[in-house]
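Results of the structural survey
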Amino acid sequence: MLSIKNLTKIYGGKNKAVDDISLDIEQGEFIAFIGTSGSGKTTALRMINRMIEPTSGSIEIDGKDVMQMNPVELRRSIGYVIQQIGLLPHLTIKENIVLVPKLLKWSEERKDKKARELINLVDLPESYLDRYPNELSGGQQQRIGVIRALAAEQDIILMDEPFGALDPITRDTLQDLVKVLQKKLGKTFIFVTHDMDEAIKLADRIAILSNGQLIQFDTPDEILRNPANQFVRDFIGENRLIQDRPNMRTVEDAMIKPISVTADKSLSEVISIMRERRVDTIFVTRNDGTLLGYLDIEDINEGYRKGKDLVDIMHRDLFKIQIHDKLQDSVRTILKRNLRNIPVVDENNILLGLITRSNLVDIVYDSIWGETPAGVDEA
Amino acid sequence: MILGSLLSDLSAYYSDNFGYLMRLFFDHLLMSIYGVLFAAIVGIPLGILIARYGKLSGTVITLANIIQTVPALAMLAILMLGMGLGQNTVIFTVFLYALLPILKNTYSGIKSVDPNITDAGKAMGMTRNQVLRMIELPLSLSVIIGGLRIALVVAIGVVAIGSFIGAPTLSDIIIRGTNATDGTVFIIAGALPIALIAVIIDIALRIIERKLDPTVSDNDAPEDVQSVN
Ligand SMILES: Nc1ncnc2c1ncn2[C@@H]1O[C@H](COP(=O)(O)OP(=O)(O)OP(=O)(O)O)[C@@H](O)[C@H]1O
Ligand SMILES: [Mg+2]
């Protein structure tokens, strides 16, 4: 749907920022542009919405040449997220979100509905709609930056290092969020980064740029298995090649059976189940298996003393992973965040399994030193 | 003792000449406001223009600076040769002196808007005018008002000299005082309201400025902005 042909941008007559790049992007793909600083990522990205005019070559969206389109209308049809976030400080969050719909003269009700729908999508309370940007944290602001780019139902979203300025944990959360959003909405995302972890985690295909040229354009697995040349190999880093080569296992292979209770149980019942199973945390589900939250033993003791119900004391904000996620991505997140027990769910949020930190550590050792620790056995 | 008699003389003067005083007060104020108004009509668009087309900015601001360096009395005298005596000459002089602070603040207000924000606006599909109307002007409004404030305070002072070329201003009373043998009461009676308008305008507009400042933080005065001498 997005077709880039022989795209070139020359500054000052000789400096080739983008050098004869050609690539085709399908509807609904998540593409990452990656490369060292100055490799032309931003320039390539900004030519798509004509914030920069190409020197030569063409860009077609659904067969239409963008150079023939009105640039203002083109930009309204393409979402854009930048590292510096760029929310308008004098407008409320709501006004910021529906900025493009406002330019497109949507009705008040439609804008209102859209703002509420979107803010729910990124797990922020609706009361934030009336706040001003400086009343939000950096991570929260960038959530707004992301949904602002979706507000006019754009099909293509361009992102230029959107999470580069955030701390690692916030970045991680937002990466997950963006990936989920992108899958759910089926939009085409083009994402600039210089973090290989981020590219591998998010992208369906990665375009590696160097000195304005496209070096390799392929799926993360293929790039890791068959780097096009030494440059790519260096860029990926030898470490990751070792780590990623042996196992392309999914979460499903690694998970164990979780212990859970339904939300209608009383606390004393929960305590007896936990004592019987010898666990210190337990998941809470609906009768149909939908994951609601978790409880740990200290909460329960306290809740029991105060005579509270299970639903009052359970923790609802929990980090979970999808059953079809790649194990390698989850390992990284879990280790980075220091999580102990991570529930595995399907797309309908039904609890299917559990990954614990200790069975992850086993897997990491297995994949580095082989399945059977032979040396230990013989000794 | 002396102070006491001065105060009673002063209040006697004010109550005897209340109508006359009010007339001068409003004439004085109106000439200032007209001059600043015209300066705003010219200065704000010009400031926007030079912020946009950077090349002009140096020339225009230098020109406005040169005007500012001519002493107000000399300027009045020169303009009087062309325009004759009276209020219009005073208003035009005010216009010339008010131009620089308005121009300069508009220019630096717009220049100080975070380019990432205007870039985001453009990338979302705002036209150039929409970027100006929805981003640049609202974000520089407090700095522009700051320019107007300075212009008005300067204007009150420039108008005060206008009495020399026959415009009715509060200085009329002061001049009468300087000509009289014991004119202290007149001098104070005229100087007091002049100082008062200037201070009130300054305070009122500062409050508005603060209210409109999008960055809201209190100790964050805009830099590189013209100030009163
Ligand atoms: N407006 C410009 N005028 C001249 N040269 C430019 C301009 N913009 C970018 N360049 C040059 O083009 C090249 C590519 O720049 P670009 O911003 O696309 O790099 P990038 O890959 O996004 O880098 P980074 O990771 O640092 O953001 C660089 O060598 C840069 O110096
Ligand atoms: Mg860049």
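This is a predicted model, so every value here is computed, not measured.

Points about the sheet that holds strand β9 (residues 205-210) of chain A
Residue and element names in this part refer to chain A. Strand order in the open sheet made by the six strands is β6-β7-β8-β3-β9-β10, with mixed pairing throughout. A single partner strand is all that each edge strand has here, and the edge strands are β6 (78-82) and β10 (213-218). Each neighbouring strand pair of the sheet contributes to a mean axis angle of 15 degrees, computed without reference to strand direction. As paired elements, β9 and β10 share five bridges and run antiparallel to each other. Looking at the pairing, Ser210 lines up with Gln213 of β10.

So, the nonpolar core
All names here are of chain B. Counting residues in hydrophobic clusters, the biggest one holds 42 residues, and the most contacted among them are Val36, Val90, Val94, Ile102, Ile156, Ile173 and Ile201. Listing elements by their share of this core, those giving two or more residues are α1 (2-16), α2 (18-52), α4 (72-83), α5 (87-111), α7 (128-161) and α9 (184-212). Beyond its immediate chain neighbours, meaning those up to four positions away, Ile173 contacts Tyr13, Tyr20, Leu21, Leu24, Phe186, Ala189 and Gly190.

What about the layout of surface pockets?
Residues and elements named next belong to chain A. In this structure, the largest pocket spans a volume of roughly 1,600 Å³. For the largest pocket, the lining is made up of 41 residues, of which Asp176, Leu177, Val180, Lys320 and Gln322 are closest to its centre. Of all the secondary structure elements, the ones that give two or more residues to the lining of the largest pocket are α5 (108-121), α7 (168-185), α8 (196-202), α9 (220-225), β13 (291-296), β14 (321-322) and α16 (327-337). If one sorts the elements of the lining of the largest pocket by residue count, α7 sits on top with nine residues. Taken together, the residues of the lining of the largest pocket break down into 14 nonpolar, nine polar and 18 charged.

Notes on the UniProt feature "transmembrane region" (unreviewed entry) in chain B
Residue and element names in this part refer to chain B. UniProt marks residues 29-51, 58-79, 85-103, 137-165 and 185-205 with the feature "transmembrane region" (unreviewed entry), using the numbering shown here. The span residues 85-103 is 89% helix and 0% strand, and its two end C-alpha atoms sit 28 Å from each other. Secondary structure within residues 137-165 divides into 86% helix and 0% strand; the distance between the first and last C-alpha atoms comes to 38 Å.

Considering the interface of chain B and chain A
In this complex, chain B contributes 17 residues to the contact, which on the side of chain A involves 21 residues. With both sides pooled, the region where chain B packs onto chain A buries about 1,700 Å², and carbon together with sulfur makes up 67% of that total. Broken down residue by residue, the surface that chain B buries against chain A is led by B:Ala123, B:Met124 and B:Met134, which jointly contribute 35%. Along the contact surface separating chain B from chain A lie one salt bridge. In this structure, B:Asp119 engages A:Arg46 in a salt bridge whose closest nitrogen and oxygen atoms are separated by 2.8 Å. Our count for the chain B to chain A interface comes out at four residue pairs in polar contact (both at pLDDT 80 or more). Elements with a minimum of two residues in the side of chain B that touches chain A: α6 (115-123) and α7 of chain B. The greatest single-element share of the side of chain B that touches chain A, amounting to six residues, is contributed by α6(B).

Details of the UniProt feature "domain: ABC transmembrane type-1" (unreviewed entry) in chain B
In the numbering adopted here, UniProt assigns the feature "domain: ABC transmembrane type-1" (unreviewed entry) to residues 25-209 of chain B. Between the end C-alpha atoms of residues 25-209 of chain B there is a gap of 25 Å, over a span that is 86% helix and 0% strand.

Let's talk about helix α14 (residues 297-306) of chain A
Note: α-helices contain 3.6 residues per turn, so residues at a spacing of three or four share the same orientation. All names here are of chain A. Those residues of α14 not exposed but buried are Asp299, Ile300 and Gly303. What you see down the axis of α14 is that its buried residues fit within an arc of 95 degrees, all on one side. Along α14, exposed side chains directed more than 90 degrees from the buried face belong to Glu298 and Arg305. Residues of α14 that are buried sit in contact with α13 (267-277), β13 and α15 (310-313).

Observations concerning α13(A)
All names here are of chain A. Leu267, Val270, Ile271 and Met274 are the residues of α13 that are buried. Buried residues along α13 cover an arc of 100 degrees about the axis, so they all sit on one side. In this fold, the buried residues of α13 make contact with β11 (260-262), β12 (281-285), β13, α14 and α15. Looking one or two residues beyond α13, the residue adopting positive phi is Arg278, at roughly 60 degrees.

Things to note about the side chain of A:Ser39
All names here are of chain A. Following the sequence through the fold, Ser39 ends up in the loop between β3 (30-35) and α1 (41-48). Residue classification places Ser39 among the buried positions, given a relative accessible area of 1%. At 2.6 Å, the side chain of Ser39 and the backbone oxygen of Thr36 are in polar contact. In contact with Ser39, not counting residues within four places along its chain, are Ala17, Leu209, Ser210, Asn211 and Gly212.

Digging into the UniProt feature "domain: ABC transporter" (unreviewed entry) in chain A
UniProt tags residues 2-236 of chain A as "domain: ABC transporter" (unreviewed entry). Secondary structure content for residues 2-236 of chain A is 37% helix and 27% strand, and the end C-alpha separation is 27 Å.

A word on the pairing of strand β7 (residues 156-160) of chain A
Along a regular strand, successive side chains alternate from one face of the sheet to the other. All names here are of chain A. For β7, a buried count of five out of five residues is recorded, marking the element as mostly surrounded by other parts of the structure. In this structure, β6 lies alongside β7, joined through five bridges in parallel fashion. Within β7, the position partnered with Val81 by the bridge is Met159. Examined bridge by bridge, β7 and strand β8 (residues 188-193) share five bridges and lie parallel to one another. Along β8, the bridge assignment pairs Leu158 with Ile190.

Rules behind the numbers
- Residues numbered from 1 in each chain as written.
- Chains lettered and ligands numbered in written order.
- Predicted model: local features only at pLDDT ≥ 70, side-chain atom pairs only at ≥ 80, totals over all residues.
- Heavy atoms only, no water.
- Pairing = 2+ DSSP bridges.
- Helix = DSSP H or I, 4+ residues; strand = E, 2+ residues; numbered from the N terminus.
- Axes fitted to C-alpha atoms, helices over the stretch in contact; angles between N-to-C directions.
- Core = buried A, V, L, I, M, F, W, Y, C linked by side-chain atoms within 4.5 Å.
- Buried < 20%, exposed > 50% of the residue type's maximum accessible area, 1.4 Å probe, protein only.
- Contact = heavy atoms within 4.5 Å.
- 1 Å grid on protein atoms, 1.4 Å probe; cavity = no way out; pocket = protein on both sides within 12 Å on 5 of 7 lines; lining within 4 Å.
- Points joined across faces, edges and corners; volume = space filled by probe spheres on them.
- Nonpolar A, V, L, I, M, F, W, Y, C, P; charged D, E, K, R; others polar.
- UniProt positions renumbered as here; feature names shortened; annotations may be inferred.
- Buried area = accessible area lost by both parts, 1.4 Å probe.
- Salt bridge = Lys/Arg side-chain N within 4 Å of Asp/Glu carboxyl O.
- Polar contact = N/O pair within 3.5 Å; in protein donor to acceptor, adjacent residues only side chain to side chain.
- Arc of directions from axis to C-beta.

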